[in-house]
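So you can see what is in the structure, the chains are spelled out below.
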Amino acid sequence: MYREIFVPVDNSQHSDWAVDRALELCRKSAGRITGNHVYAARLHDVRFRQLETGLPAQFQTPEEIKKQRKIHDKLIEKGLQLIADSFLDQLGKRCEAAGVPLTRQLLEGINYEEIVNEVNRGAGRLPGLIGFDPNRAAGYDGGDKVRSDVKLGENGRLVAEDEDSAARLVGSSGRQYDLLAVGAHGLGRQQFSQLGGVVARVLRGVEKDVLIVRDDRSLEGGRFLVCVDGSSYSYKAMKAALELAQTFGGSLYVCSAFDVEYHHVVFRNIKDVLSYQASKVFKFEEQEELHNNIIDKGLLKLCQANLKRAEVMAQQFPDVPIKTQILIGKPFQVIMQWAEEVKPSLMVLARHGAHRIEGTDLGSQAENLVRLAPCNTLLTGTVGIRPEDIPWIEEDGQAGLPWAPEAEVRILRVPPFAQGIARRAVEEFALEKGGSIVTSKLLDEAIQKLLPTHMQLIMGIGNAEEIALAEVKATEQMKATKVQGSDADPVPAVPMIETKCPVTGNVSTRERVVTDPIVWTQEAWQRLQLVPLIARPLARNTVERFARNHDIWRVTTPVMDDNKQAMIEADEFDIDTMMVMFTELRAKQIRAEAEGKDALSPEMRAFIEEAKAQGITRCPIRDIEEKMDKCPVDMKTVTPEEAKRAVEKLLQ
């Protein structure tokens, strides 16, 4: 439970509600509240200097200006301290009535910066109190160093004092806090505000747990909704929710969500813009089957495991009623919908989830929920997160099928985030086939059934010679890529390009045109190297086509991020290309058979690998040959246009 709670106050309604919740927690945990108010004397100093030109003439001399600045600085700061002290007086009365210890604290500076520094490290800037009674100052952090009060001269006018700027600050508290309890809005709340400006900024910087208070509902006997996604962050939130539910006699509602709709929306969008022939090459049916049979089912199993781990944790809190629910859809959306049904008094969220990217300060789902939640929200922090805190369940101890060494090497080519799902899918396929070990042959069969063709190539279907030839061709293709500059380089108003005369060798510059080659930055080029070599030309071509379609002449890592879904899509080619390929390949095959050569002669291998290296990852000849007997026309007697229409109809 929380014993050291930091509460910023500003005399607003939401601030009062935050105090109520902090008092509830402290009464249960025998904890202490640090009541805080931040003021910005420097801001007033800057504003005063901006207004100096409007002062009457008698105050415009340099000596008088300097004098007025000194008077103003101390007078304004004293006024701000008195206002803050009155806010903390109200908090003091409530803490005294509740029997909860209170430490008063003023901080000087930009409000959200000082709150973040204080909550994270106890490093907020404590100002010296001006003219406070020593007994009253004793209740403040840094109250042992009181500054002299504003002085009046014999003429009754304020005296301009020379005060060392360093003496205005008296250090920092060094306190370690467990929780920040803060109102969702302040005095400046507007009608359509989702969160106050200070709170929104503070949330991004604070590492500790944060309670965002939206209403006056008590924690006692409440309904607590918590979300888990399998990450150690989410199980920290689960632990906090269980402890609160046990302490306050509440009930717990636990959910885990996954989205199956996104890829359907993407596929429909792509299908609307691709030609019929390109859609056949892309193999929408196989892509849909991949998601339905592997990814969607795999995500469902992950959610089931997430909730099972939550139930294991709940066994340590037998008095807490718990209900679990799998939600299907965009996580924040379906969680909000379930919240409408459950009507929780508190929503408990992890600051980050399983897909956290290093350097981010708040996950996208958490940010949406913090802004939209209809109730108080506890956002658990990043301090003390350990992967080993993820609860163990029985499935974790179940060993999968053994893998042959060559199959193990190949499965490691799958990106890390998808490896678990891929392994389980292959093992389930092997069990269906009656296998007791995953061999390279079984892996080939599983991949051919479960994965789109371009992913089969990346996974290495084919013998070593075929893969090696494809990699050589891919390396040759990549040599044409133009790499220049860095992501951080400024984008020129008028992009220029260097050209070299083929006769004289003279180099000149001219304005770029749309037909000029795309330029890759060093960072983008390095990221492209992470794509398997065989698929790299295809990935490059896809990104460059995306760039040209959006009038982009330079590929940076942000451009690659925008296009990341297209990195694994197959190239498009029309029925004319398919027919030419069929004619050439069939002629080479007939010639090889007439010469008594093996069907996969070096000549044919070279031809196929050349096509693969050009980004063509699937030859449609098999489709044509399988259905050729059903073709309604004789290819030898019809016109090319009629043949083209017939083949298009045949492939439907």
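What comes next concerns the included structure. (Residues numbered from 1 in each chain as written. Predicted model: local features only at pLDDT ≥ 70, side-chain atom pairs only at ≥ 80, totals over all residues. Heavy atoms only, no water.)

**Describing the sheet that holds strand E13 (residues 482–483)**
Here is the rule we go by: In short, DSSP must find at least two bridges between two strands for them to pair. Numbering of helices and strands runs from the N terminus; a helix is a DSSP stretch of H or I covering at least four residues, while a strand is a stretch of E covering at least two.
Ordered in space as E13-E16-E17, the three strands form an open sheet in which the pairing is parallel. Of all the strands in the sheet, just E13 and strand E17 (554–555) have a single pairing partner and so form its edges. Bridging between E13 and strand E16 (residues 519–520) involves two bridges; their strand directions are parallel. Within E16, the residue paired with Val-483 across the bridge is Trp-520.

**Concerning the packing of aromatic side chains**
Operational definition: In summary, the pairing rule links any two rings of Phe, Tyr or Trp, Trp by its six-membered ring, whose centres are within 6.5 Å, and it sorts them by plane angle into stacked for under 30 degrees, edge-to-face for over 60 and tilted for everything else. The buried label goes to any residue with under 20% of its type's maximum accessible area, the exposed label to any with over 50%, and the partly exposed label to all in between, with areas taken from a 1.4 Å probe on protein chains only.
For the structure on display, the rule yields three aromatic pairs. Ring geometry for Phe-132 versus Tyr-140: centroids 5.7 Å apart, planes at 90°, classification edge-to-face. Accessibility assignment for this pair places Phe-132 and Tyr-140 in one class, buried. Both rings, one in Tyr-253 and one in Trp-338, keep their centres 6.1 Å apart while their planes meet at 70°; by these two values the pair is edge-to-face. With a gap of 85 residues between them, Tyr-253 in strand E9 (residues 251–258) and Trp-338 in helix H11 (residues 331–342) connect regions that are remote in the sequence. Per residue, the accessibility class of Tyr-253 equals that of Trp-338, and both read buried.

**Looking at the sheet that holds strand E8 (residues 223–227)**
What counts is decided by this rule: The axes used here are C-alpha line fits, helices contributing only the stretch in contact, and every angle between their N-to-C directions lies in the interval 0 to 180 degrees. By the convention used here, residues are in contact when the closest approach between their heavy atoms is within 4.5 Å.
If you walk across this open sheet you meet the ten strands as E3-E2-E1-E6-E7-E12-E11-E8-E9-E10, and the pairing is mixed. Because the sheet does not close on itself, it has two edges, and the strands there are strand E3 (102–108) and strand E10 (322–328). Neighbour to neighbour, the strand axes of the sheet diverge by 20° on average, direction disregarded. Here E9 pairs with E10 via seven bridges, running parallel. The partner of Val-254 across the bridge, within E10, is Thr-324. Most of the contacts of helix H12 (residues 364–372) go to strand E11 (residues 346–350), to which it runs at about 160°, and overall it touches strand E7 (209–213), E11 and strand E12 (376–380).

**Topic: the environment of Gly-174**
For Gly-174, the position within the fold is in the loop between strand E5 (146–147) and strand E6 (179–183). Gly-174 sits in the partly exposed class, given a relative accessible area of 45%. Each C-alpha atom, one on Gly-174 and one on Ala-123, is 6.0 Å from the other, the two residues being 51 residues apart in sequence. With sequence-adjacent residues up to four places away left out, Gly-174 is seen in contact with Arg-121 and Gly-122.

**Examining the pattern of salt bridges**
Selection criterion: The term salt bridge refers to a side-chain nitrogen of Lys or Arg lying within 4 Å of a carboxyl oxygen of Asp or Glu.
The final tally for this structure, using the stated rule, is 22 salt bridges. Across the pair Arg-168 and Glu-77 runs a salt bridge, and its minimum N-O distance is 3.4 Å. With Arg-168 in the loop between E5 and E6 and Glu-77 in helix H3 (residues 62–98), the pair connects residues that are 91 residues apart, well separated along the chain. Classification of Arg-168 by relative accessible area gives partly exposed; the value is 25%. Residue class for Glu-77 comes out buried when judged on its relative accessible area of 2%. Residue Asp-361 pairs with Arg-204 through a salt bridge whose shortest N-O separation is 2.8 Å. Taken as a pair, Asp-361 in the loop between E11 and H12 and Arg-204 in helix H6 (residues 197–205) lie far apart in primary sequence, 157 residues in all. Assessed through its relative accessible area of 32%, Asp-361 is described here as partly exposed. Residue Arg-204 is classed as partly exposed on the basis of its relative accessible area of 34%.

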